[in-house]
Amino acid sequence: MRSVNILTGKNIVRGAVLLFASLTLGACASVDRSYGSASDIEVTSLTQLPAPASTLPRFSPMGIIEVTVAQDESLSGTYVIDENGMLDFPLIGEVAALGLSPTQLAAVISSRLSGEYVLNPSVTVNTINATPPTVSIGGQVNAPGNYPMAHATTLMRAINTAGGLGEYARADDVLVFREVSGERYIGLYNLAAIMRGNLDDPPLYEGDIVMVGDNPGERRLERILQILPAVTSSLVLIDRIGN
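Rules used throughout
- Sequence order as written defines the numbering, with residues in each chain counted from 1.
- Owing to the predicted nature of the model, reporting of local features is limited to residues with pLDDT of at least 70; listing and counting of side-chain atom pairs is limited to 80 or more, with chain, interface and lining totals taken over all residues.
- Excluding hydrogens and water, the side-chain values take into account all heavy atoms of the structure.
- Stacked, tilted and edge-to-face pairs are distinguished by plane angle, under 30 degrees for stacked and over 60 for edge-to-face with tilted covering the rest, among Phe, Tyr and Trp rings (Trp via its six-membered ring) whose centres lie within 6.5 Å.
- To qualify as a helix, a DSSP run of H or I must reach at least 4 residues; to qualify as a strand, a run of E must reach at least 2; elements of each kind are numbered from the N terminus.
- Two strands are said to pair when DSSP picks up at least two bridges between them.
- Fitted lines through C-alpha atoms give the axes, limited to the stretch in contact for helices. The angle between two N-to-C directions lies from 0 to 180 degrees.
- By definition, residues are in contact when any of their heavy atoms lie within 4.5 Å.
- Summary of the metric used: pLDDT quantifies the predictor's per-residue confidence within the range 0 to 100.

Novice: Any chance you could explain the packing of aromatic side chains here in plain terms?
Specialist: To describe a pair of aromatic rings, one takes the distance between the centres and the angle between the planes. All told, the structure shown has 1 aromatic pair when counted by the stated rule. Ring centres of Tyr79 and Phe89 lie 4.9 Å apart, and the angle between their planes is 40 degrees; this geometry places the pair in the tilted category. Of this pair, Tyr79 sits in strand β5 (residues 77–80) while Phe89 sits in strand β6 (residues 86–89), and the two are 10 residues apart along the sequence.

The structure is reproduced here in structure tokens:
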């Protein structure tokens, strides 16, 4: 097992990659399935994707919230987070709410109100139209899309929810992208081993992106077989599919 850190500029994008000894390139040698080969990647000792620090709901654009300021009822009311993720709040102006939890947003409002506008403000924030958390599932699955977390709590459940593996899927090449505390992680999983019970079925969290790899070698073989003359009674192929 290995892990990688991906560095992008000043921001560290950390990718935890679970590699299995059984992962080979086979007939798809021309497909770059290497990991951690870019110049800005650094190997780490991580062996699994970290879980988010918090699973509290996060605000998204056009979310409706209710803010209560105990010391000043004139500031309490219903507000809308705009399409850019900003909350326009009385006295203090715009507040960046995108990605914050209700507790975090309340702390920001309280901090900016404190002293100049309200003495020791007590602020609470509640969501009114909270968007259900989702997981994005793509690549070689039969029904890619965004699915509710309730139906995709683990990797295997997520793939089943998306209609199962596609015809050309590589079950040993499934990636999970996750952001934790401003850092991005990438994990590589062998779904075939998970489905056989040889490996644990890893949990997924809100905002995760699952991508199932493709097997282009099988696509090429299928095209070759389709265009061969129907009268061919025997067939000998030189294995150049991966070249």
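Next, the rest of the story.
Novice: What should I look at first to understand the sheet that holds strand β4 (residues 64–69) in this one?
Specialist: Paired through their backbone hydrogen bonds, the strands of a sheet run either parallel or antiparallel. The strand order across the open sheet formed by 3 strands is β5-β4-β8, and the pairing between neighbours is antiparallel. Either end of the sheet is taken by a strand with one partner, and the two such strands are β5 and β8 (123–127). The sheet shows a mean angle of 30 degrees between the axes of neighbouring strands, taken without regard to direction. Two elements, β4 and β5, share 4 bridges in a ladder whose sense is antiparallel. By the bridge assignment for β5, Ile65 is matched with Tyr79. On the sheet, helix α1 (residues 102–113) packs against β4 and β8 and is oriented at approximately 145 degrees with respect to β8.

Novice: Looking at this model, I keep getting lost on the environment of Met211. Mind explaining?
Specialist: Looking at the element boundaries, Met211 is found in strand β13 (residues 209–214). Sequence spacing of Met211 and Gly139 is 72 residues, and the spatial spacing of their C-alpha atoms is 5.0 Å. Leaving out residues up to four positions away in the same chain, Met211 has contacts with Gly138, Gly139, Asp173, Val174, Leu175 and Phe177.

Novice: Could you clarify how one ought to interpret the confidence of the model for the protein chain in this entry?
Specialist: Detailed reading of the predicted coordinates is not advisable wherever pLDDT falls low. Taken as a whole, the protein chain shows an average pLDDT of 78; of its residues, 70% reach a score of 70 or greater. Here strand β1 (residues 3–8) is the element of the protein chain with the lowest mean pLDDT, 35, and helix α2 (residues 155–161) is the one with the highest, 97. Between residues 1–30, whose pLDDT stays under 50, and residues either more than four places distant or in other chains, the model counts 98 contacts. pLDDT under 50 marks residues 237–243. Its contacts with residues more than four places away, or in other chains, come to 12 contacts.

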